[in-house]
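These are the residues of each chain, in order.
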Amino acid sequence: MKFHYPELLHGGDYNPEQWMEQKETIWKQDMQYAREAGINTLSIGIFSWAYLEPEDGVYDFSWMDEVMDNLAANGIKAVLATPSGARPAWLAKKYPSVLRMTAQRLPNVFGGRHNACYSSPDYERKVTEINTRLAERYKDHPALMMWHVSNEYNNECHCPRCQERFRDWCKARYGTIENLNRCWWNSFWSHKYTTFDEIISPSPLGEEENVAHLLAWKRFCTDNLVRFFKTEIAPLRRITPNVPVTANLMGTFPGLDYFALGKEMDISSWDNYPAWTGDERDLAVARNSSFRHDLMRGVCDQKPYLMMESSPSSVNWNTINPLRKPGTVLYQGLQAIAHGSDSVQYFQFRAGRGGSEQYHGAVIDRTGTNRTRTFREVAEVGAVLKQLKAVAGSETRNQIALLYDWNVRWSVEGAWMLHRHHEQYEETVRSFHIGLSSLGYGVDMVDETCDISRYKVLVAPMAYMMREGFGQKLRAFVAGGGTLITTYVTGYVNQELLTYMDADPSPMNELTGMHVDECDALDDRTFGHFVWNGKKYRVKEIAELATPTTAQTLAVYADRFYATQPCFTVNEYGKGRCYYIAARTDADFLYDALGWMLKEAGLEPILSRLPEGTCATERYQEDGTRFLFVQNGTHERKIVPLPKTMKDAVTGKKVYEQLEMGELSVAVLTDE
Ligand code: GLA
Ligand code: ZN
């Protein structure tokens, strides 16, 4: 189901149960302020369980009815949450199985939020009951727009039920204990299991070093959560089949494979909390946000998504929580839109007077008024989003895919390898994202399970582990004319993390036209270098030693004992080609080499000659209408050359081939 709303959404988490005792005044004022701030959506019920079900089986929807009616009366759409992100104290007391157990096998006690066991039958039942009632109650309510399922699903539970499920999962995946022993290489350290009953989850008190075991556990945790998610949404799907379902994600959160979860959602959404500093460090922050936006769009097949949360001012959970400079909130919001979000939403709409998040930024902050800078800035975002209404529902049409795979990440990070547990998988993928963006290209993020046939170029850095069918997919992609750009630490192991050998070679060998013989780890005082295209570049951290078979060498190492061995190669394969970057380098090489490889692949950037610190993205409506977004992530003014005169979509003014941009700003342009 594709979500479609004819406007960009503007809103945020609304927790009116905090003000139940003053609803006559506060709730009324909320609606007035929401209108003033150009808010057209609010997310409600996220943490409302104790108010919706004050006692086991005793429900009270009266206050929620009132809130929903208020929203409808004010033209505001509800992103209605299921309350499973936190639970009432009575529930934890009566059904202790709903609480998690730590990896040390200690049962948690009531408190905090999340903290749930996704294998607890009591939890499943109580969640199903309340979700059913919510759906029944509001299925025809005019305010209902979307389901917000739980809150930031996260982390694992090591209770006996989860252990049992893990064993069942292992049985289903490996079939026999002999096969599991083979896949996990349990012939070493006497780790051979005799029966599935002996398997337990990883723990600092026991097994933590066998990466195959760790990966199996991570995969299980995702599968178990996806199963729970499907149970959670079953009543919603049944009772409200036309209401789209999302769950708010957390960017590069390490604990779950979001591509797997994304397959079950109608629309992706995520909570974006960049740590803006107000100085030149913001460029790195902005680039990191851009990367995560693209990733979060990727998990639901590149469809428009939502920025479900962001802070309209500071947060309260960093060690130091600075205010944002004027203009940052607008920048943060438009950055989301530039990457394909159909919304700018905040946490939270009105700050509470106490409790855990008392000092977190809010649209209506602790003054309780609309007289604040934050409120004015939010209202400005609202006004700008109204001008950009035509952007709603438009999609990206990028020709480059960049691979980021949670399974690969877990495999690389868990391996005792070159820089033990510091292989920098995410940073590496991000460095390629920065290179591509700085060159003016738009990027789609994919994982090894995604369809890559629609792209011209696939960039796959550190694709260490080849999942089921991925090698074949790559072969078809390149043979069919695609360009594959890959790097060091790619194709080392199969889906079970067993290393490829000569008798069972890595599918990468055929594509890269070489085989990797050794890999060097450099410490932070050791560097190599090489010369390519007349320019000298630095090698750092990782340097692979490889022997070409059919590959052509583009550059060779200049020093250390492997001087003259190739560090940059290309291999023609079918109608396409595969480039191989054998060493980790600085950003200058990625920029130069990516620029050259993409030109060779016949790809033109969205904008060329972009000044340092700027990037460009595009969104298209089905009828071909194009929106061009230019982001300036620096605190300097920038002049961006345009190929032609365009129109500013916010002001309606013409922009004559020279776009002048202020610090931290996003320009939205349309063709004249
Ligand atoms: C997360 C949660 C919110 C709130 C914010 C604060 O994203 O989903 O409930 O705690 O963080 O930044
Ligand atoms: Zn559990």
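Residues numbered from 1 in each chain as written. Chains lettered and ligands numbered in written order. Predicted model: local features only at pLDDT ≥ 70, side-chain atom pairs only at ≥ 80, totals over all residues. Heavy atoms only, no water.

## Notes on the site of ligand 1
Working step 1: Taken together, F47, R113, N151, E152, D271, Y273, E309, W317, F347, E357 and H360 form the complete shell of residues around ligand 1.
Working step 2: Protein chains bury 96% of the 310 Å² of accessible surface belonging to ligand 1 in isolation. (Near = heavy atom within 4 Å. Areas by Shrake-Rupley, 256 points an atom, 1.4 Å probe, with all protein chains shown as cover.)

## Describing the sheet that holds strand β24 (residues 646-648)
Working step 1: Read from one edge to the other, the open sheet built from five strands follows the order β21-β22-β27-β24-β25, with strand pairing classed as antiparallel. Each edge of the open sheet is held by one strand with a lone partner, namely β21 (614-620) and β25 (654-655).
Working step 2: Pairing of β24 with β25 involves two bridges; the strand directions are antiparallel. Bridge pairing links M646 to V655 in β25. (Pairing = 2+ DSSP bridges. Helix = DSSP H or I, 4+ residues; strand = E, 2+ residues; numbered from the N terminus.)

## Some thoughts on the packing of helix α5 (residues 121-138) against helix α8 (residues 211-239)
The relative placement of two packed helices comes down to the angle between their axes together with the axis-to-axis distance.
Working step 1: Where α5 contacts α8, the axes come no closer than 8 Å and their chain directions differ by 25 degrees. When the axis of α5 is compared with that of α8, the two are roughly parallel. Relative to α8, α5 is oriented so that their crossing is right-handed. Across the interface between the two elements, Y123, E124, V127, T128, N131, T132, A135 and E136 of α5 pack against R227, F228, T231, E232, P235, L236, R238 and I239 of α8.
Working step 2: Broken down by class, the residue content of the contact of α5 with α8 amounts to seven nonpolar, four polar and five charged. (Axes fitted to C-alpha atoms, helices over the stretch in contact; angles between N-to-C directions. Parallel < 35°, antiparallel > 145°, perpendicular 65-115°, else oblique. Left-handed = near helix turned anticlockwise from the far one by under 90°. Contact = heavy atoms within 4.5 Å. Nonpolar A, V, L, I, M, F, W, Y, C, P; charged D, E, K, R; others polar.)

## Focus: unusual backbone geometry
Working step 1: Here F347 and Q348 are connected by a cis peptide whose omega angle stands at -20 degrees.
Working step 2: In this structure, Q348 sits in the loop between β9 (343-346) and α12 (373-387).
Working step 3: In this structure, D301 takes a positive phi of about 55 degrees despite not being glycine.
Working step 4: Considering the arrangement of structural elements, one finds D301 in the loop between α10 (282-298) and β8 (306-309).

## Here's the deal with the side chain of E496
Working step 1: Relative to the assigned elements, E496 resides in the loop between β13 (483-487) and α16 (507-512).
Working step 2: On the accessibility criterion, E496 (13% relative accessible area) is buried.
Working step 3: Sequence-distant contacts of E496, that is, excluding residues within four places in its chain, are made with R173, Y174, C183, A212 and R219. (Buried < 20%, exposed > 50% of the residue type's maximum accessible area, 1.4 Å probe, protein only.)

## Side note on the coordination of the zinc ion (ligand 2)
Working step 1: The zinc ion (ligand 2) binds to the protein through C117 (SG), C157 (SG), C159 (SG) and C162 (SG), with metal-donor distances spanning 2.3 Å.
Working step 2: Mapped onto the polypeptide sequence, the residues donating to the zinc ion (ligand 2) form the spacing pattern C-x39-C-x1-C-x2-C. The pair C157 / C162 is uniform in exposure class, with both members buried. (Donors = N, O, S within 2.8 Å, 3.2 Å for Na, K, Ca; no water.)

## Things to note about the side chain of H10
Working step 1: Tracing the backbone shows H10 in strand β1 (residues 9-14).
Working step 2: For H10, a relative accessible area of 1% corresponds to the buried category.
Working step 3: In this view, H10 contacts A37, G38, I39, N40, T41, V344, Y346, V378, V381, G382 and L385; residues no more than four positions away in its chain are not counted.

## Some details on the state of the cysteines
Note: disulfide means a covalent bond formed between the sulfur atoms of two cysteine side chains.
Working step 1: Scanning the model with the defined rule gives zero disulfides in all.
Working step 2: Cysteine C300 shares no disulfide, and the gap to the nearest cysteine sulfur, in C450, comes to 11 Å. (Disulfide = S-S within 2.5 Å.)

## Points about the environment of H148
Working step 1: Here H148 shows up in strand β4 (residues 144-148).
Working step 2: Spatially, the C-alpha atom of H148 lies 9.6 Å from that of A78, the residues being 70 residues apart in sequence.
Working step 3: Discounting chain neighbours no more than four positions away, the residues touching H148 are I46, V79, L80, A81, T82, T246, N248 and M308.
Working step 4: A distance of 3.0 Å separates the side chain of H148 from the backbone oxygen of S150, its partner in a polar contact. (Polar contact = N/O pair within 3.5 Å; in protein donor to acceptor, adjacent residues only side chain to side chain.)

## Quick notes on α10
Turn by turn, an α-helix covers 3.6 residues, leaving residues three or four places apart pointing in a common direction.
Working step 1: With 17 residues, α10 extends 24 Å from end C-alpha to end C-alpha; this agrees with the ideal 24 Å at 1.5 Å per step.
Working step 2: By the criterion of burial, α10 is predominantly enclosed, with 14 of the 17 residues buried. (Expected span 1.5 Å × (residues − 1).)

## Points about the pattern of salt bridges
Working step 1: Enumeration according to the criterion identifies 47 salt bridges in this entry.
Working step 2: Here E600 makes a salt bridge to R577, at a shortest N to O gap of 3.6 Å. Here R577 lies in strand β19 (residues 576-581) and E600 lies in helix α17 (residues 587-600), a separation of 23 residues in the sequence.
Working step 3: On the accessibility criterion, E600 (44% relative accessible area) is partly exposed.
Working step 4: Taken together, the salt bridges that share partners define one network made up of E53, D56, K94, D122, R125, K126 and E129. (Salt bridge = Lys/Arg side-chain N within 4 Å of Asp/Glu carboxyl O.)

## Overview of the nonpolar core
Working step 1: Counting 194 residues, the largest nonpolar core has W147, Y153, W184 and Y258 as the members making the most contacts within it.
Working step 2: Broken down by element, this core gets its largest block of residues, 14 residues, from α8.
Working step 3: When neighbours within four sequence positions are excluded, W184 is seen to be in contact with F166, C170, Y174, Y193, I199, N210, A212, H213 and A216.
Working step 4: One finds I606, L607, L628 and V630 within the second-largest nonpolar core, a separate group that totals 14 residues. (Core = buried A, V, L, I, M, F, W, Y, C linked by side-chain atoms within 4.5 Å.)

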